[in-house]
Amino acid sequence: MELKLGDVQETALIPLAIKADESKRSDHRIYDAKAVEIIDGLGIDTKKYDKYMSHEGVVARTILFDNEVKKLLEKYPDAVCVNIGCGFDDRFSRVDNGRVRWYNVDLPDSIELRKKVFSDREREFMKAGDLTGTEWTEGIPNDGVTIIIAEGLLMYFSEEQVSALLDHICSYFGNGYILAEIMHPFAVKNSSHHDTVKNTKASFGWGIESGREAESLCSGLSFVKEINFFEEIKKYSLIGKIGSKLFNKVMDRLAIYRFER
């Protein structure tokens, strides 16, 4: 298997490698059979993509995102889920309730790569599109509750791009929730020191101290809550507990927003 990735697309290998490595552990906290299949097929050395803090962060955010998506699907079982900047994510397999309609959206070259290892399934589809434009939503149903998943994505955008994306989501879909990974400005400024991203040519562009700050970027967007990744990380190790005391304010968070017309 051969996958040629651009600078930002290469960052998709970070969570993929971590999910594969975690899945192979006897005491794994998450299991992603597709990640194992892809990484084994690529035959790549995962060391540069799988460092301790990134590993714990990806595992934590996977658990947190999965849990929050499941909660929303319990409340809105016929919702449409749109996973933007999906990369090689296989969340559908973990949260499918038998009714949700699911769209995995990414750049055209990223979707072409995804198609080498994934296929559309009943109620799960792939869609190519540029998230900095508006055409990516064409054909996606918008007649009910929509759950937008933006995991490991917005930190690579500028504030203007984030604002435009949020405006389009709220305008097109009209009713739903956004689950977004939010990065602190300190981490954005120090992307060259990030334990795994520094091994790629990508860099961070946007961050906020509080999830509530994003409300100012889009009218109609209401902040619901945010969960610091350390809330999950500290459950598993002493390092995680210490980190939650020392670096809690600068750790990534899952922020949840409500939007409606």
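Now for a description of the structure that goes with this document. (Residues numbered from 1 in each chain as written. Predicted model: local features only at pLDDT ≥ 70, side-chain atom pairs only at ≥ 80, totals over all residues. Heavy atoms only, no water.)

## Here we look at the overall build of the protein chain
Working step 1: The number of helices and strands found in the protein chain is nine helices and seven strands.
Working step 2: Relative to its length of 261 residues, the protein chain is compact, with a C-alpha radius of gyration of 17 Å against a globular reference of 18 Å.
Working step 3: A principal-axis box enclosing the C-alpha atoms of the protein chain has dimensions of 45 × 40 × 35 Å.
Working step 4: Relative to its 261 residues, the protein chain shows a buried fraction of 57%.
Working step 5: Of all intrachain contacts in the protein chain linking residues separated by at least 6 positions in sequence, the fraction that spans at least 24 positions is 72%.
Working step 6: Carbon and sulfur atoms make up 49% of the accessible area of the protein chain, which amounts to about 11,900 Å² in all. (Helix = DSSP H or I, 4+ residues; strand = E, 2+ residues; numbered from the N terminus. Rg over C-alpha atoms; globule rule 2.2 N^0.38 Å. Buried < 20%, exposed > 50% of the residue type's maximum accessible area, 1.4 Å probe, protein only. Contact = heavy atoms within 4.5 Å. Areas by Shrake-Rupley, 256 points an atom, 1.4 Å probe, with all protein chains shown as cover.)

## So, the sheet that holds strand 4 (residues 146-150)
Working step 1: A sheet is described by the order of its strands in space; here seven strands give the open sequence 3-2-1-4-5-7-6, paired in mixed fashion. Here the strands that pair on one side only, and so sit at the sheet edges, are strand 3 (124-128) and strand 6 (221-228). Looking at each pair of strands side by side, their axes are set apart by 20° on average, direction ignored.
Working step 2: Note that strand 1 (residues 80-84) and strand 4 share four bridges and pair parallel. Looking at the pairing, Cys81 lines up with Ile147 of strand 4. (Pairing = 2+ DSSP bridges. Axes fitted to C-alpha atoms, helices over the stretch in contact; angles between N-to-C directions.)

## Focus: the nonpolar core
Working step 1: With 39 residues, the main nonpolar core has Val82, Ile84 and Trp136 as its most contacted residues.
Working step 2: Of all the elements, helix 6 (residues 159-173) adds the most residues to this core, at seven residues.
Working step 3: The residues touching Val82, leaving out its near neighbours within four places in the chain, are Tyr103, Val105, Trp136, Ile140, Thr146, Ile147, Ile148, Ile149 and Phe173.
Working step 4: In this structure, Leu72, Val95, Val100 and Leu179 belong to the second largest nonpolar core, which totals 25 residues. (Core = buried A, V, L, I, M, F, W, Y, C linked by side-chain atoms within 4.5 Å.)

## Considerations on the pattern of salt bridges
Working step 1: Applying the stated rule across the entire model yields 26 salt bridges.
Working step 2: Residues Glu68 and Lys225 are paired through a salt bridge, measuring 3.4 Å at the closest nitrogen-oxygen approach. Here the residue Glu68 occupies a position in helix 3 (residues 52-75), and Lys225 occupies one in strand 6, the gap between them amounting to 157 residues.
Working step 3: Among the residues examined, Glu68 registers a relative accessible area of 7% and is labelled buried.
Working step 4: Between Glu151 and Arg91 there is a salt bridge, with the nearest N and O atoms lying 2.8 Å from each other. Of this pair, Glu151 sits in the loop between strand 4 and helix 6 while Arg91 sits in helix 4 (residues 91-95), and the two are 60 residues apart along the sequence.
Working step 5: On the basis of relative accessibility, which here comes to 8%, the residue Glu151 falls in the buried class.
Working step 6: Salt bridges linked by common partners bring Lys19, Asp32, Arg61, Asp66, Asp89, Arg91, Arg94, Glu151 and Glu181 together as one network. (Salt bridge = Lys/Arg side-chain N within 4 Å of Asp/Glu carboxyl O.)

## Here's the deal with the packing of helix 1 (residues 13-23) against helix 3
Working step 1: Two elements in contact, helix 1 and helix 3, have axes separated by 9 Å at closest approach and are oriented at 85°. Here helix 3 runs roughly perpendicular to helix 1, going by the angle between their axes. Contacts between helix 1 and helix 3 involve Pro15, Ile18, Lys19, Asp21 and Glu22 on the former and, on the latter, Ser54, His55, Val58, Val59, Arg61 and Thr62.
Working step 2: Residue classes in the contact of helix 1 with helix 3 are distributed as four nonpolar, three polar and four charged. (Parallel < 35°, antiparallel > 145°, perpendicular 65-115°, else oblique. Nonpolar A, V, L, I, M, F, W, Y, C, P; charged D, E, K, R; others polar.)

## Side note on the state of the cysteines
Working step 1: Here the structure, examined in full by the defined rule, presents zero disulfides.
Working step 2: Of all cysteine sulfurs, the one in Cys218 lies closest to Cys170, which takes part in no disulfide; the gap is 3.3 Å. (Disulfide = S-S within 2.5 Å.)

## Some thoughts on the packing of aromatic side chains
Working step 1: Counting across every chain of the model gives seven aromatic pairs.
Working step 2: Measuring from ring centre to ring centre gives 5.1 Å for Tyr103 and Phe125, while their planes differ by 35°; the resulting arrangement is tilted. Remark: Phe125 occurs in strand 3 and Tyr103 occurs in strand 2 (residues 101-106); sequence separation between them is 22 residues.
Working step 3: By relative accessible area, which is 11% here, Tyr103 ends up buried.
Working step 4: Judged by its relative accessible area of 30%, Phe125 is partly exposed.
Working step 5: Aromatic rings pair up to connect Trp136, Tyr172 and Phe173 into one cluster. (Phe/Tyr/Trp six-rings, centres within 6.5 Å; stacked < 30°, edge-to-face > 60°.)

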